[in-house]
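Structural description and commentary
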Amino acid sequence: MLFKREEWEKIPLEERLKLEVLKVQQSPIYWINEYINAEVPSTEDLKGLIQHTKNVTQQLESIYWELENLFSKYQVTDLESLENYIENLKDQVEVLYQEKEESLKLE
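About the cut-offs
Residue indices begin from 1 for each chain and proceed along its sequence in written order. Local features in this predicted model are restricted to residues of pLDDT 70 or higher, and side-chain atom pairs are both shown and tallied only at a pLDDT of 80 or more, whereas totals for entire chains, interfaces and linings draw on every residue. Hydrogens are left out, water is left out, and the side-chain values use all remaining heavy atoms of the structure. Secondary structure elements follow DSSP: runs of H or I of four or more residues count as helices, runs of E of two or more count as strands, with numbering from the N terminus. To get the radius of gyration, use the C-alpha atoms; to get the globule rule, take the number of residues to the power 0.38 and multiply by 2.2 Å. Partly exposed describes any residue whose relative accessible area lies between the buried limit of under 20% and the exposed limit of over 50%, with all areas from a 1.4 Å probe on protein chains only and scaled to the type maximum. Any two residues having at least one pair of non-hydrogen atoms within 4.5 Å are treated as being in contact. Only the protein chains shown count as cover for residues, and all accessible areas are computed by the Shrake-Rupley method using a 1.4 Å probe. Only four residue types enter the charge count, namely Lys and Arg as positive and Asp and Glu as negative; His and the chain termini do not. To locate a charge, take atom NZ for lysine, CZ for arginine, CG for aspartate or CD for glutamate. Every residue is assigned a pLDDT by the predictor, reflecting its confidence on a scale from 0 to 100. Distance and chemistry together define a polar contact, namely a pair of N or O atoms within 3.5 Å, with one atom able to donate a hydrogen and the other to accept it when in protein, and with adjacent residues in sequence counting only for side-chain atoms on both sides. Two distance rules govern patches: like charges are joined within 9 Å, and nonpolar side chains (Val, Leu, Ile, Met, Phe, Trp, Tyr) within 5 Å, applied only to residues with over 30% relative accessible area and no salt bridge. When a carboxyl oxygen of Asp or Glu is within 4 Å of a side-chain nitrogen of Lys or Arg, the pair counts as a salt bridge.

1. Brief notes about the overall build of the protein chain
Scanning the protein chain from terminus to terminus reveals five helices and zero strands. Overall, the protein chain shows an N-to-C arrangement of helices and strands of α-α-α-α-α. On C-alpha atoms alone, the protein chain measures out to a radius of gyration of 32 Å, which is more than a quarter above the 13 Å that the 2.2 N^0.38 rule sets for 107 residues. With the C-alpha coordinates aligned to their principal axes, the bounding extent of the protein chain is approximately 105 × 30 × 15 Å. For the protein chain, buried positions account for 7% of its 107 residues. Expressed as a percentage of contacts within the protein chain between residues at least 6 apart in sequence, the contacts between residues at least 24 apart total 0%. Just so you have it, the protein chain exposes about 9,900 Å², and 56% of that area is on carbon and sulfur atoms. Across the protein chain, the 12 positively charged side chains and the 23 negatively charged ones have centroids separated by 16 Å.

Right, dumping it as structure tokens:
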């Protein structure tokens, strides 16, 4: 609806606000923002979604970087290999403690 300025000013403020809301709600951008807000509550609009996505991407990259360093440090290729490595170390420590206890009993 298009109104001439004189007509528009004659409409009560409350009604003008309702018309403005209806006009905004006809915009696809309005509905995109509403969908984004409903699906990702920490964001309000497309810019917020982009920033949220960047943050999540940075967090994932950081996690992968730390994993790569960990794998490199212990010369393993995946989490299962790292778990096996740790279990092996644990078993070795248990054996050492058992040997220590046995040697103390012999004394």
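Still more to cover.
2. A closer look at the environment of leucine 60
Examined against the element boundaries, leucine 60 turns out to sit in helix H4 (residues 46-74). Spatially, the C-alpha atoms of leucine 60 and isoleucine 11 are 54 Å apart, while their sequence positions differ by 49 residues.

3. Some thoughts on unusual backbone geometry
At glutamine 75, a residue that is not glycine, the phi angle is positive and equals roughly 55°. Tracing the backbone shows glutamine 75 in the loop between H4 and helix H5 (79-106).

4. Thoughts on the environment of histidine 52
Locating histidine 52 in the fold gives a position in helix H4. Spatially, the C-alpha atoms of histidine 52 and valine 40 are 8.9 Å apart, while their sequence positions differ by twelve residues. Those residues within four positions of histidine 52 in sequence are excluded, and the remaining contacts are Val40, Ser42 and Thr43.

5. A look at the confidence of the model for the protein chain
On average, the protein chain scores 84 in pLDDT, and the residues at 70 or more come to 93%. Taken element by element, the predicted model of the protein chain shows its lowest mean pLDDT in helix H1 (residues 5-10) (70) and its highest in H4 (92).

6. Quick notes on the side chain of threonine 43
By the secondary structure assignment, threonine 43 is in the loop between helix H3 (28-39) and H4. Among the polar contacts listed, one links the side chain of threonine 43 to the backbone oxygen of valine 40, at a separation of 2.8 Å. What threonine 43 contacts, discounting residues up to four positions off in sequence, is Ile36, Asn37, Gly48, Leu49 and His52.

7. Let's talk about a nonpolar patch on the surface
A contiguous nonpolar patch, built from Leu70, Tyr74, Tyr85, Ile86 and Leu89 and spanning about 390 Å² of accessible area, is present on the exposed surface. Looking at the nonpolar patch, the elements with two or more residues in it are H4 and H5. In terms of residues, the nonpolar patch owes the most to one element, H5, which gives three residues. Position of isoleucine 86 relative to the elements: it lies in helix H5.

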